[in-house]
Amino acid sequence: MSSRTTVRLIETADAAPIAAHRARDVEAFRRWEPAQPAAFFTPEGQAERIDRLLAAHRAGTVWPGVVLADGEVIGQATVSGILPQPHLRRASLGYWIATTAQNQGHAGRAVGLALKVMADELGLHRVEASTNLDNLASQHVLRRNGFSSYGVAHSSILLDGRWHDSLLWERLLE
Ligand SMILES: CC(C)(COP(=O)(O)OP(=O)(O)OC[C@H]1O[C@@H](n2cnc3c(N)ncnc32)[C@H](O)[C@@H]1OP(=O)(O)O)[C@@H](O)C(=O)NCCC(=O)NCCS
């Protein structure tokens, strides 16, 4: 039986498990996630990063979530670039799941839960996401949650030392 997926707002105490996941998965994530400074892979560096995310949350621009499997932190789901103005009401969604918990449906369910937060808590109208053209797992996750791709942004992200195109995704929340 698969474990239960939940999402909640990130806390300072999440720094240690996040640093441990990201340090262990550095090679596996190299293709998909931007390079990070050494501090990113330490509990102290993550605690500082979490403080910054929570400050951005208080300012209303970010909803920084963690993904849990049966209560254990296994990843993050972050709503960023929140534009709450009545004529926009949109944001971007990003996520990662630790290699130890992948291919069990957690990202699919976490994105579904994040969509509920965006619609019900944040009152957003539209959400955007982007994936690497080769990131078929991430594309599956978005498609299964009702996203459609609407274009390609050329040379838009530096991954593993090379600029990559990004596939752009959208979903309306109401
Ligand atoms: C992408 C990622 C979030 C997926 O997390 P996950 O919990 O394993 O995802 P799920 O189990 O919910 O779903 C993965 C789906 O992709 C499919 N999949 C996995 N690897 C695949 C591959 N190489 N080719 C095609 N499909 C693949 C799975 O079969 C599953 O399909 P389903 O929805 O039909 O069951 C995770 O792999 C990850 O964090 N990767 C590294 C960082 C990253 O890519 N972040 C996203 C950047 S846009």
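For the structure itself, consult the block above.
Conventions used here
Residues numbered from 1 in each chain as written. Predicted model: local features only at pLDDT ≥ 70, side-chain atom pairs only at ≥ 80, totals over all residues. Heavy atoms only, no water. Near = heavy atom within 4 Å. Polar contact = N/O pair within 3.5 Å; in protein donor to acceptor, adjacent residues only side chain to side chain. Areas by Shrake-Rupley, 256 points an atom, 1.4 Å probe, with all protein chains shown as cover. Helix = DSSP H or I, 4+ residues; strand = E, 2+ residues; numbered from the N terminus. Nonpolar A, V, L, I, M, F, W, Y, C, P; charged D, E, K, R; others polar. Buried < 20%, exposed > 50% of the residue type's maximum accessible area, 1.4 Å probe, protein only. Contact = heavy atoms within 4.5 Å. Axes fitted to C-alpha atoms, helices over the stretch in contact; angles between N-to-C directions. Parallel < 35°, antiparallel > 145°, perpendicular 65-115°, else oblique. Left-handed = near helix turned anticlockwise from the far one by under 90°. Salt bridge = Lys/Arg side-chain N within 4 Å of Asp/Glu carboxyl O. Core = buried A, V, L, I, M, F, W, Y, C linked by side-chain atoms within 4.5 Å.

## A look at the site of the ligand
And step 1. Taken together, 22 residues sit near the ligand, with I97, N103, G105, N135 and R144 positioned nearest.
And step 2. The contact in question runs from an oxygen atom of the ligand to an N or O atom on the backbone of A107, over 3.0 Å.
And step 3. Measuring from an oxygen atom of the ligand, one finds a side-chain N or O atom of R144 at 2.2 Å.
And step 4. The fraction of the free accessible surface of the ligand (970 Å²) that becomes covered by protein chains is 73%.
And step 5. Ranked by residues supplied to the shell around the ligand, first place goes to helix 5 (residues 136–144) with six residues.
And step 6. Split into classes, the residues belonging to the shell around the ligand amount to nine nonpolar, 11 polar and two charged.

## A short note on the side chain of T5
And step 1. By secondary structure assignment, the location of T5 is in strand 1 (residues 5–9).
And step 2. By relative accessible area, T5 is classed as buried at 9%.
And step 3. Polar contacts involving the side chain of T5 include one to the side chain of H106, which spans 2.8 Å.
And step 4. Here R109 takes part through its side chain, which lies 2.7 Å from a polar atom of the side chain of T5.
And step 5. Excluding its chain neighbours within four sequence positions, the residues that come into contact with T5 are V67, L68, H106, R109, A110 and L113.

## Digging into the packing of helix 1 (residues 15–24) against helix 3 (residues 43–59)
And step 1. The N-to-C vectors of helix 1 and helix 3 enclose an angle of 120°; their axes lie 8 Å apart at closest approach. Between helix 1 and helix 3, the interaxial angle falls into the category oblique. Like other packed secondary-structure pairs, helix 1 and helix 3 cross with a definite hand, here right-handed. Contacts between helix 1 and helix 3 involve A15, A16, I18 and A19 on the former and, on the latter, P43, Q46, A47, R49 and I50.
And step 2. Taken together, the residues of the contact of helix 1 with helix 3 sort by class into seven nonpolar, one polar and one charged.

## A short note on the pattern of salt bridges
Close approach of charged atoms allows side chains of opposite charge to pair.
And step 1. Taken as a whole and assessed by the stated rule, the structure comprises 10 salt bridges.
And step 2. A salt bridge links R31 to D134; the shortest N-O distance between them is 3.9 Å. Of the two residues, R31 is situated in the loop between helix 2 (26–29) and helix 3 and D134 in the loop between strand 5 (126–132) and helix 5; the sequence distance between them amounts to 103 residues.
And step 3. Overall, the relative accessible area of 47% leaves R31 in the partly exposed class.
And step 4. According to the relative accessible area criterion, D134 is partly exposed, its value standing at 45%.

## Here we look at the nonpolar core
And step 1. V79, L93, M118 and F147 are the most contacted members of the largest nonpolar core, which has 29 residues in total.
And step 2. Counting only elements with at least two residues in this core, the list comes to strand 2 (63–69), strand 3 (72–83), strand 4 (90–97), helix 4 (106–121), strand 5, helix 5 and strand 7 (162–172).
And step 3. It is helix 4 that provides the largest number of residues to this core, a total of seven residues.
And step 4. Sequence-distant contacts of F147, defined by excluding residues within four places in its chain, comprise L93, V111, L115, V127, A129, L142, W169, E170 and R171.
And step 5. The next biggest cluster of nonpolar side chains, apart from the first, holds 15 residues, and it includes I10, I18, V62 and W96.

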